Every structure is written in structure tokens, then in C-alpha cells.
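# Observations on chain architecture
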Amino acid sequence: MSDSSKTRLGVFGFGCVGQGLYNVLSHSKGIKAEIRKICIKNASKKRSLPEHYFTLDKNELLFNDDIDVIVELIDDPVAAFEIVKTALQNGKAVVTANKKMLADNFEELFRLQLSSNVPLLYEASCCGCIPIIRNLEEYYDNDQLSAVEGVFNGSTNYILTKMFRENVSFETALSEAQVNGFAESDPSLDIDGYDAKYKLGIILAHSFGLFVKPGQLFNYGITHISDFDANYAKEKGYKIKLIAFCRKIGNTIAAGVLPRFITPESKLFGIDYEYNAVMVESIFSEYQYFVGKGAGSNPTGSAVLSDISALTYNYKYEYKKYQLHENLQVSNDFFINLYIRYNPANPLPPDIFEEVHEQYVSHNNAYMIGSVHFDRLVNSGIWEREDVNIITAAEPGIHGAAAAAGKSQEAELAISNK
Ligand SMILES: NC(=O)C1=CN([C@@H]2O[C@H](COP(=O)(O)OP(=O)(O)OC[C@H]3O[C@@H](n4cnc5c(N)ncnc54)[C@H](OP(=O)(O)O)[C@@H]3O)[C@@H](O)[C@H]2O)C=CC1
Ligand SMILES: N[C@@H](CC=O)C(=O)O
């Protein structure tokens, strides 16, 4: 017999996260919730729960009066969007972990929450069990944020840690990330920086009130990192981590996903394996760091459970930064310090660097480090070249055109004063 005082859950998906949710829920004492039905895709898979839990028919959950909350944990973003939309339209609150589905349809889902007055929660979609979205919504509701950045993808961090700390090959480390359930079903989403970008899109809405399509943000992954790049990092005492960043510069937000050299002094240096970290920089509270497992069955299941619990006290996102109506926009009109390694037989376009701080040329490899206008980088297409790798310098020096103009004026003055 079921207890009618419990929140009744209809769960889509019983893979890594779905099973994590089941496990965490069955060990949680405080929460009054029970799984009523689980919709899966493949009838032939062996399941760890009795058969009566499962169905292949989504309508058995979506149009079931005995189900209060839909928990969407599938790996198909298109099917997930239909499920989430139908649930909200039919008055069922939704919890999801699906960052691609959210990022692709964010504004529509925001408007659907308003028109249906039904909550959609998605803490698990960003950085596993780190409670970043609710903190951005609640704790930082009045503090003015200047930047949010960090390690937003567990698989790439796991792969880079394995490569750097244990000398494991990229391929072996990736297959371990897959076996552990960290990687997406299509792992190119992880290693090419798309997954981190989807999370960045969600974080942009809760940090700066912006709804940005994934196509508006530049992402560059970790697949181009060569032995030469790894040795360069090791000689300097650096690690390499995939970093998602957004930084307010005047009325624009500089944002993107790129690998970055991390110095031992950085708080991100010790964030290894599947751990994620989010640095929040704000005017009044200054720097704060959130650290936790960014992927995996139980950590992600616990973030999903936390949202289910939040629904029991009628929590919903208010999109407080969006309500501020600040005149902000994401733009590539900013400067950033980059390391660009290339084959000296195929030189870089001459105008790619604004200023060169360091350069090296040998028979097979060359690199330059210096300040690059981000829009010029994006439009150059050099990021498509097989011989090129791009890593943000240890001091990213992200700044706007005004600061750059000020700097060159200063330089001119310094020269004329000599
Ligand atoms: N793994 C992780 O660490 C994290 C994952 N996420 C996100 O959580 C979601 C789930 O990931 P994960 O558990 O790893 O994925 P898995 O591949 O482990 O599991 C996917 C599940 O979805 C089911 N499924 C797929 N399509 C449908 C459909 N159309 N209808 C019903 N069920 C369907 C599959 O069914 P069947 O079992 O029959 O094949 C399977 O049970 C993804 O959006 C992912 O990005 C978020 C944070 C962390
Ligand atoms: N594939 C993702 C899973 C969690 O979001 C990752 O590796 O971070």
C-alpha cells in the first residue's frame, strides 16, 4: 500500500542517474516521496527492480493522476523536451538533469513555467551535486556578480587528471569515464566542451539573467592537447583543466569554454578526477568556491533528490536576475591571453595576436602566448585546424576593449616619456 502523504514520482530513465536517484531515495529518511512508475526505452534490458515498476509507455506517467512529479533522467534531449513540455502543460512539476535539453530550449521552458505556473527544477543539470543554481538564485539574489567560472565537466577533468597524474592515455581515461557513468552517451559532448557550454548557458540565466542559445557561445575542448602541450604544462608546474567562464565587463558578458593552464596557487589546482568547482566572484562577497562531484550516479541522484525535496515546500525558481532587466548581452568583444600551439610549417594568421608575450619555434612545434581579441579568434577558424591547440594562459587577463585602449595609451605614454 502506498502512503498518500508522499509525493508520487514518475521517473523517466533508469540509467546512471535514475538508479542513483533510486539508491539515494531509498537511503533517505526525511523525504516523503516514492517512485510510482519508471519509463524506460529498451524492454529487453535486465533491471534491478521488480517488473511492475517499468513501462515503455510515456503516457502512463504523463497522464497518470497518481503521479505528482515527473523526474526526467533520459539521455535523449529531443524526447526529453517533449516529456518536460507535456508534463508542465498538464500541471505536473518537473525535475530534470538534462542540460542539453534545457540549454537548447531555455527561453521556451522559462515562458512555459510562467504560463503554466508549474515549477521546473534542474539543480543536477549543472555540476552534479554542487548546489550552484539555488545559491545563484537565493544567496546571490542581491549581490552583484562579476564572474562565475570553473570546472563544469566531470569527464574531462577525470580524463585530464588520469593523463597528468597517472600517465594514462586519453583513450583509456575516456573509456574509464564512460564505465564510471560520468560521460554522456555521446562523449564528444564532454571532450569537445559542449556539455560545459550547456551548463554555462544555464548558469548565465541564473547569474546575469540572460537566455543564450548554445550556438552563441564558443567552446573548445581537450582533444587537441598533445604531448608537447602536456610537457609545456608540466615544465611550468601547471595542470590543464577545461574551464567554463562568464565575466561581466561593463554591459557585456564575456563567456566561453576553453582549456586553461592552472597554477599551483589556484584554488582549482586541487580539483581532480570527476570533481567540479565553481568560483563565484561578486562585488560584496568577493570570491567564493563551491566544490563537489560533478558526475556519477549517487552524487547526481542526490542533486535530483534535493530538487524533489524542494518541491515539497513549493520551491520554484524566480529567475531573479532576469527580473532586474539589466541591459546586458553576451559578446565576443573582449581580450584574453591565449597559448596557441601550431605546426611551424603552417604559420598562424599574422594578425591573430594583439600583443605577443612569449613565443617558441622548433622543427615540429611552435607556440605563441599573448593577448587575442576573442571575436577575431572565433572568426579566424584556426580552432578547426588539426595542427592547432588553444589553451587559455595561466593569467587569462580577460578584459574589454576600453581597458585595452587604456593600456595601449599607457604604453604610448611610457614610450613618449622615455
Ligand atoms: N551521468 C551523470 O553523471 C550525469 C548525467 N546527467 C544527465 O542525466 C541524464 C541521464 O544521464 P545518464 O543516467 O547518465 O544516462 P544513461 O545513458 O545511463 O541512462 C539513460 C536512460 O534513459 C532511458 N531512455 C532513453 N531514451 C528514452 C525515452 N525516449 N523514453 C524513456 N526512457 C529513455 C534509457 O532507457 P534504457 O535503460 O531502456 O536504455 C536509460 O535508462 C542525461 O541528460 C545526462 O546528461 C546530469 C548530470 C550528471
Ligand atoms: N557528462 C557530464 C555528466 C554530468 O553533468 C560530466 O562529465 O560532467
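Residues numbered from 1 in each chain as written. Chains lettered and ligands numbered in written order. Predicted model: local features only at pLDDT ≥ 70, side-chain atom pairs only at ≥ 80, totals over all residues. Heavy atoms only, no water.

An unreviewed UniProt entry lists the protein under the name Homoserine dehydrogenase, with Anseongella ginsenosidimutans given as the organism. Quoted verbatim from the Sequence similarities (unreviewed entry) field of UniProt, the annotation for the protein is "Belongs to the homoserine dehydrogenase family." (UniProt positions renumbered as here; feature names shortened; annotations may be inferred.)

### Looking at the overall build of the protein
Counting its secondary structure elements, the protein contains 15 helices and 18 strands. By the compact-globule yardstick of 22 Å for 418 residues, the protein fits well, its C-alpha radius of gyration being 23 Å. With respect to the three principal axes, the spread of C-alpha positions in the protein is 85 × 45 × 35 Å. Out of the 418 residues belonging to the protein, those deemed buried represent 56%. Total accessible area on the protein is roughly 18,600 Å²; 48% of this is exposed by carbon and sulfur atoms. Averaging the locations of the 39 positively and 52 negatively charged side chains of the protein gives two centres separated by 5 Å. (Helix = DSSP H or I, 4+ residues; strand = E, 2+ residues; numbered from the N terminus. Rg over C-alpha atoms; globule rule 2.2 N^0.38 Å. Buried < 20%, exposed > 50% of the residue type's maximum accessible area, 1.4 Å probe, protein only. Areas by Shrake-Rupley, 256 points an atom, 1.4 Å probe, with all protein chains shown as cover. Lys, Arg positive; Asp, Glu negative; His and termini not counted. Charge placed at Lys NZ, Arg CZ, Asp CG, Glu CD.)

### Here we look at the packing of aromatic side chains
This structure, assessed with the given rule, holds 30 aromatic pairs. On the basis of an interplanar angle of 75° and a centroid distance of 5.6 Å, the ring pair of Phe218 and Trp383 is categorised as edge-to-face. Taken together, the residues Phe218 in strand E8 (residues 218-219) and Trp383 in the loop between helix H14 (374-380) and strand E17 (389-392) connect sequence positions 165 residues apart. Among the residues examined, Phe218 registers a relative accessible area of 8% and is labelled buried. (Phe/Tyr/Trp six-rings, centres within 6.5 Å; stacked < 30°, edge-to-face > 60°.)

### Description of the side chain of Lys37
Tracing the chain through its elements places Lys37 in strand E2 (residues 33-39). In this structure the side chain of Lys37 is engaged in a polar contact, spanning 2.7 Å, whose partner is the backbone oxygen of His52. Leaving out residues up to four positions away in the same chain, Lys37 has contacts with Leu9, Gly10, Val11, His52, Tyr53, Phe54, Thr55, Glu60, Leu61 and Ile67. (Polar contact = N/O pair within 3.5 Å; in protein donor to acceptor, adjacent residues only side chain to side chain. Contact = heavy atoms within 4.5 Å.)

### Re the site of ligand 1
The environment of ligand 1 is made up of 25 residues, and the closest members are Asn42, Lys45, Arg47, Glu184 and Gly296. Contact between ligand 1 and Asn42: an oxygen atom at 2.7 Å from a main-chain N or O atom of the residue. Between Arg47 and ligand 1, the recorded distance is 2.8 Å, taken from a side-chain N or O atom to an oxygen atom. Compared with its free state, where it exposes 900 Å², ligand 1 has 88% of that area covered by protein. When its residues are assigned to classes, the shell around ligand 1 shows 11 nonpolar, eight polar and six charged. (Near = heavy atom within 4 Å. Nonpolar A, V, L, I, M, F, W, Y, C, P; charged D, E, K, R; others polar.)

### Remarks on the pattern of salt bridges
Per the stated rule, a full pass over the model turns up 26 salt bridges. Residue Asp272 pairs with Arg165 through a salt bridge whose shortest N-O separation is 2.7 Å. Placement of the pair is Asp272 in the loop between strand E10 (252-262) and strand E11 (275-282) and Arg165 in helix H7 (residues 154-166), with a sequence separation of 107 residues. For Lys236, the salt bridge is made with Glu358, and the minimal N-O distance between the two is 3.9 Å. Here the residue Lys236 occupies a position in helix H11 (residues 227-236), and Glu358 occupies one in strand E15 (residues 353-361), the gap between them amounting to 122 residues. On the basis of relative accessibility, which here comes to 40%, the residue Lys236 falls in the partly exposed class. (Salt bridge = Lys/Arg side-chain N within 4 Å of Asp/Glu carboxyl O.)

### With respect to the domain arrangement of the protein
For the protein, the assigned domains are domain 1 (7-125) and domain 2 (334-416). Taking only C-alpha atoms, the centre of domain 1 and the centre of domain 2 are 45 Å apart. (Domains from an automatic or database assignment.)

### Topic: the sheet that holds strand E4 (residues 69-72)
To summarise the sheet geometry, strands pair through backbone hydrogen bonds and adopt either a parallel or an antiparallel arrangement. Here six strands make up an open sheet; going across it, the order is E3-E2-E1-E4-E5-E6 and the pairing parallel. Of all strands in the sheet, those bounded by a partner on one side alone are strand E3 (54-55) and strand E6 (120-121). Bridge analysis of strand E1 (residues 7-12) against E2 gives six bridges, and the strand direction is parallel. Each bridged residue has a counterpart across the sheet, and for Thr7 the counterpart in E2 is Ala33. Those strands touched by helix H12 (residues 297-312) are E1, E2, E4, strand E5 (93-96) and E6, and its axis lies near 160° from that of E5. (Pairing = 2+ DSSP bridges. Axes fitted to C-alpha atoms, helices over the stretch in contact; angles between N-to-C directions.)

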